[in-house]
Amino acid sequence: MRLSQLPWTTLKETPADAEVISHQLLLRAGLIRRLTGGIFTWMPLGLRVLRRVEQIVREEMDRAGALEVLMPAVQPAELWQETGRWDRYGDLLLRIRDRHERDYCFGPTHEEIITDLARRELRSYRQLPVNYYQIQTKFRDEIRPRFGLMRAREFVMKDAYSFHIDQGSLEQTYAAMANAYTQIFTRLGLKFRTVEADSGEIGGARSQEFHVLAESGEDAIAWCDGDDFAANVEAAPALPPRAPRPAPAEPMRRVTTPGIRSIEEVCAALAVPPGRCLKTLLVDAADGGLVALALRGDHELNLVKAARLPQVAQPVTLASAERILAATGAPPGFAGPVGLRIPLVADHAAAALADFTCGANEDGYHLSGVNWGRDAPEPATADLRNVVAGDESPHGGGPLAIARGIEVGHIFQLGDKYSQAMKATVLDEDGKERTLIMGCYGIGVSRIVAAAIEQNHDEHGIIWPEPMSPFHVTLLVLNPKNSEPVTAAAEALYLELHRAGLEVLLDDRDARPGVKFAEADLLGVPHRLVLGERGLKDGVVEYRHRASGAEQKVALHETATFLRERIHSRPS
RNA sequence: CGGGGUGUAGCUCAGCUUGGUAGAGCGCUUGCUUCGGGAGCAAGAGGUCGCAGGUUCGAAUCCUGUCACCCCGACCA
């Protein structure tokens, strides 16, 4: 591709509304343009990146035996009503009405559509297992679209749905998909981790997520070097402390803490570490009352774990200030287990505290030297907190480490949640109707583009992993207007590289060298060639590797060979 | 949805407090000079100041409404 024939504009300044680096660089490099909140146009160079990602995903899905289909983006409400999700999915669902006043939505996901397809097309166990996939535009009306392509409303997703006669078959396909995903992210050249996940809203038994590792990731993932444990912090179990609870050593004392509410303030005022404080959270209970959840002051509540408690109302909702006052006799910030008249569940670590500090259930007072069993009843215990770095791995291999990740893939064993609701059945070998067992497998294709940038950039711009770069190599021609021989040599080299099977971006614009260098760095093609009068005199081009900055001169006639040795992701 | 903020040239922003003929830098066009890491000089093009209403002799500026966008919050206890 010739840059002289492309209206490509880059931005020297960072657009004001772009927060994260991938959003900034995608805009600055002219790869995407925003149309409206969370909705973007892919520009010519950006689209090449998206297409490359799609292609790798497609190849690996095909290799794993999945069948590509393309389902409608617009879906009738009736199907969503069948599964009950028309009401449950909420405002995330973009609803549309046609001229006949019929309701539709723009698909945020396709379980309903595929299950409808399956119940029409699949009659016999002999047709199973089958795994359909598509690469398609989805729309989710996010509360707050942000971070550019990372949390867009309209986005490109690869979603796959498999159908099985039994759990064993599902597990086989699930394993094949896990394998294919590993292959995909490896081929894309990304640093990633596979982690156990909570299956959340979509439901089902087992699920794993694939995270691209990056500081700016929205998810925290925990893993252990000493064993095979890796999980989203949401889904990582925290082991109870090994050491038994120390015996009480201090008397309980009441201390005045006027206006002090947060754990930090309490710790500062009373000179105690957060790990010696008890934080008592009040949430709405399933029976309409309140439940207290006790955590150590330095720990955070894990909402997924809290939601698993039968006493807790769904979804987990923090109690209002009025209800807290009514239940504890004090405003928020002063709750504690001593004399508390509502049920309490303590996290294992909180239950192992002795001589701790907590709220006194009285405005302006806290208690110190508090002990379970002596001052407050022995609590019911559960795993309620997020794991933290240094916690013991559940698999016994040593301490956990925590990293940030961007979720780019998620695979689920769905079971019969949708097939049952939509009566998707086949006949088994005994001629009996059997409800289909399903799996589903998603990859955020457009999000991968953003995640790759989050993980691979420097102060000059993007550094594409080779397999997803818009071009294999960029060839900068310096001052083409001033030198016929340079232009001629560049044209010849461009053609030759092209013939060698390389995708080349030729910067043949009548622009200053500095502009070409700066824009090439911004765009981030991994291999760069510079052809100018200086080098041409000696019959060489100058090669530079974007990521390492390594440079060397290469004889013109050896350039194609030289590049082919260094580029491993040529299209087959 | 709650709270906060911002809408002025393609982009980044000043001007608004204290009303009086719309500005800068970058980008764009033309010319000359330059030409190996986002050039210099000169001349240009480009804006219903988000939109609607109001106050006023006069509104980018003050008031009301509205729309859009951005940020924070959904663990404060």
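The structure displayed is predicted, hence computed values, not measured ones. (Residues numbered from 1 in each chain as written. Chains lettered and ligands numbered in written order. Predicted model: local features only at pLDDT ≥ 70, side-chain atom pairs only at ≥ 80, totals over all residues. Heavy atoms only, no water.)

Concerning the overall build of chain A
Test applied: Each helix is a run of DSSP H or I of at least 4 residues and each strand a run of E of at least 2, with the numbering of both proceeding from the N terminus. Note on classification: 1.4 Å probe, protein chains only; a residue is buried when its accessible area is under 20% of the maximum for its type, exposed when over 50%, partly exposed between these limits. What makes two residues a contact is simply this: any of their non-hydrogen atoms within 4.5 Å. Calculation of accessible area relied on Shrake-Rupley with a 1.4 Å probe; when residues are assessed, cover is drawn exclusively from the protein chains displayed. Neither His nor the chain ends is counted toward charge; the positive residues are Lys and Arg and the negative residues Asp and Glu. Where a charge lies is defined by one atom per residue type, namely NZ (Lys), CZ (Arg), CG (Asp) and CD (Glu).
Within chain A, the regular secondary structure consists of 16 helices and 30 strands. When the 572 residues of chain A are sorted by exposure, 53% land in the buried category. The long-range fraction of contacts in chain A, counting pairs at least 24 apart against all pairs at least 6 apart in sequence, stands at 70%. In the form shown here, chain A has an accessible surface area of approximately 25,800 Å², with 50% of it arising from carbon and sulfur atoms. Separation between the mean location of the 65 positive side-chain charges and that of the 78 negative ones in chain A comes to 3 Å.

Looking at the pairing of strand β27 (residues 504-507)
As a general feature of sheets, a regular strand has side chains that alternate between the two faces. The following threshold applies: Two strands qualify as a pair provided that DSSP identifies no fewer than 2 bridges between them. Seen with the strands pointing away from the viewer, any crossover whose path from the first strand over the helix to the second strand runs clockwise is right-handed.
The alternating pattern of β27 places Val 504 and Leu 506 on one face and Leu 505 and Asp 507 on the opposite face, and all of these are buried. Summarising the sheet, strand β26 (residues 473-477) and β27 pair through four bridges and their orientation is parallel. Residue pairing for β27: Thr 474 is matched across the bridge by Leu 505. Traced from β26 through helix α13 (residues 484-499) to β27, the parallel crossover comes out right-handed.

Brief notes about the confidence of the model for chain A
Put simply, the rule reads: Here pLDDT means the predictor's own confidence in every residue, given as a number from 0 to 100.
Here chain A averages 91 in pLDDT, and 98% of its residues register 70 or above. As scored by the predictor, the complex reaches a pTM of 0.91 and an ipTM of 0.91.

Points about the packing of α13 against helix α16 (residues 559-566)
So the rule is basically this: Only the contacting stretch of a helix is used when fitting its axis, a line to C-alpha atoms as for every element, and angles between N-to-C directions run 0 to 180 degrees. If an angle is under 35 degrees, it is roughly parallel; if it is over 145, roughly antiparallel; if it lies from 65 to 115, roughly perpendicular; otherwise it is oblique. Each crossing gets its handedness from the near helix: less than a right angle anticlockwise from the far helix is left-handed, clockwise is right-handed. Any residue that is not Ala, Val, Leu, Ile, Met, Phe, Trp, Tyr, Cys, Pro, Asp, Glu, Lys or Arg is counted as polar, Gly included; the first ten are nonpolar and the last four charged.
The contact between α13 and α16 brings their axes to 9 Å, and the two run at 45°. Classified by the interaxial angle, the pair formed by α13 and α16 is oblique. The hand of the α13/α16 crossing is right-handed. Listed contacts from α16 to Leu 493, Glu 496 and Leu 497 of α13 are Thr 559, Ala 560 and Leu 563. Residue composition of the contact of α13 with α16, grouped by class: four nonpolar, one polar and one charged.

Some thoughts on the nonpolar core
What counts, and what does not: Nonpolar cores were defined as sets of buried Ala, Val, Leu, Ile, Met, Phe, Trp, Tyr and Cys residues, with membership established by side-chain atoms within 4.5 Å.
By size, the foremost hydrophobic cluster in this structure holds 64 residues, and its most contacted members are Tyr 181, Phe 185, Leu 188, Ile 448, Val 449, Trp 464 and Met 468. For this core, the element with the most residues is helix α6 (residues 167-187), which contributes eight residues. Excluding residues that lie within four positions of it along the chain, Met 468 makes contacts with Val 49, Arg 52, Val 53, Leu 188, Ile 448, Val 449 and Ala 452. Formed by 24 residues, the second largest nonpolar core is a distinct cluster that contains Ala 292, Ala 319, Ala 335 and Ala 351.

Examining the sheet that holds strand β16 (residues 344-347)
Paired through backbone hydrogen bonds, the strands of a sheet run either parallel or antiparallel to each other. As summarised here, the arrangement of the four strands in space is β14-β15-β16-β19, forming an open sheet in which the pairing is mixed. Strands with a single pairing partner mark the edges of an open sheet, and in this sheet they are β14 (278-284) and β19 (380-382). On average, each strand axis in the sheet is inclined to that of its neighbour by 30°, with strand direction left out of account. In the sheet, β14 pairs with strand β15 (residues 290-296) via seven bridges, with the strands oriented antiparallel. From the neighbouring strand, Leu 278 faces β15, where its bridge partner is Arg 296.

Here's the deal with the protein's contact with RNA strand B
As a reminder, the rule being used: In this text, near means that some heavy atom of the residue lies within 4 Å of the molecule or strand in question. Any pair of N or O atoms that falls within 3.5 Å is considered a polar contact. Within protein, one atom must be able to donate a hydrogen and the other to accept it, and sequence-neighbouring residues count only if both atoms are side-chain atoms.
Residues in close proximity to RNA strand B total 50 residues, the closest being Ile 324, Arg 512, Glu 519, Asp 521 and Glu 542. Of all RNA strand B atoms lying within 4 Å of any protein atom, the proportion belonging to sugar or phosphate reaches 46%. Take Asn 479: an N or O atom from its side chain is 2.7 Å from a sugar or linking oxygen of RNA strand B. Ranked by the residues each element gives to the surface near RNA strand B, the list is headed by helix α14 (residues 513-523), at eight residues. By residue class, the composition of the surface near RNA strand B is 20 nonpolar, 13 polar and 17 charged.

Considerations on the packing of aromatic side chains
What counts here: Ring pairs shown here join Phe, Tyr and Trp side chains whose ring centres sit within 6.5 Å, with only the six-membered ring taken for Trp; geometry is labelled stacked below 30 degrees between planes, edge-to-face above 60, and tilted in between.
According to the stated counting rule, one finds eight aromatic pairs in the structure shown. Between Phe 106 and Phe 139 the ring centres are 6.1 Å apart and the planes differ by 65°, which places this aromatic pair in the edge-to-face class. Placement of the pair is Phe 106 in strand β6 (residues 103-106) and Phe 139 in strand β7 (residues 130-139), with a sequence separation of 33 residues. What makes Phe 139 buried here is its relative accessible area of 6%.

Describing the environment of His 557
Relative to the helices and strands, His 557 is located in the loop between β30 (551-555) and α16. For the pair His 557 and Val 540, spaced 17 residues apart in the sequence, the C-alpha separation amounts to 8.3 Å.

Section: the pairing of strand β5 (residues 94-97)
Pairing of β5 with β6 involves four bridges; the strand directions are antiparallel. Residue pairing for β6: Arg 97 is matched across the bridge by Asp 103. Connecting the antiparallel pair β5 and β6 is a turn made up of five residues, with Glu 101 showing a positive phi of about 70°.

Comments concerning the sheet that holds strand β13 (residues 253-256)
The three strands are arranged β13-β18-β17 in an open sheet whose pairing can be described as antiparallel. Of all strands in the sheet, those bounded by a partner on one side alone are β13 and β17 (356-359). The mean inter-strand angle of the sheet, taken between neighbouring strand axes irrespective of direction, is 30°. Across four bridges, β13 lies against strand β18 (residues 365-370) in antiparallel orientation. Among the inter-strand pairings, Thr 256 is bridged to a residue of β18, identified as Tyr 365.

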